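Listed below are the residues making up each chain.
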Amino acid sequence: MEKYVNNFEFTISNNSETKEKLKSYFKSYDFEQIKDENENLLFVKKWYILNGWKFNPLNWEAKIDIKLTKKNKVIINHIVHSNGFLTPIAFKSLFEKFLLNLEQFVEFDIKT
């Protein structure tokens, strides 16, 4: 299995509901929340024996570490374990869209 690592960050205008929106977003994609300490969140999707047969990359084993800064930045580091069906270029494009969608949801309550 290949491991893809990507970083993403964005700035938000209102920090009051950000943490709850992040939790809601990842819960809607069946991520499990592992950590909620101070301004750090950790979401995972665990590996299962059938992962090699899953074609949707959003269902692959993943770890998403999120840090919220005092300057209203959301910093995301995510690691996804591939089943070999996706090239690094396609992976990067897919997850950038997934995280841009997250940004729209957190900032404007828009989920596409």
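The present account deals with the structure reproduced in this document.

Conventions adopted
- Residues numbered from 1 in each chain as written.
- Predicted model: local features only at pLDDT ≥ 70, side-chain atom pairs only at ≥ 80, totals over all residues.
- Heavy atoms only, no water.
- Pairing = 2+ DSSP bridges.
- Helix = DSSP H or I, 4+ residues; strand = E, 2+ residues; numbered from the N terminus.
- Salt bridge = Lys/Arg side-chain N within 4 Å of Asp/Glu carboxyl O.

**Notes on the pairing of strand β2 (residues 32-37)**
Of the strand pairs in this sheet, β2 and strand β3 (residues 40-45) are connected by five bridges, and their pairing is antiparallel. Within β3, the residue paired with E32 across the bridge is V44. What sits between β2 and β3 in their antiparallel hairpin is a turn of two residues, with N38 showing a positive phi close to 50 degrees.

**A closer look at the pattern of salt bridges**
All chains considered together, the criterion is met by five salt bridges. Notably, a salt bridge pairs E20 with K23, separated by 3.5 Å at the nearest N-O pair. Here K23 and E20 lie together in helix α1 (residues 18-28), a separation of three residues that amounts to about one turn. With its nearest N and O atoms 2.6 Å apart, the salt bridge here joins K23 to D36. Of this pair, K23 sits in helix α1 while D36 sits in strand β2, placing them 13 residues apart in sequence.

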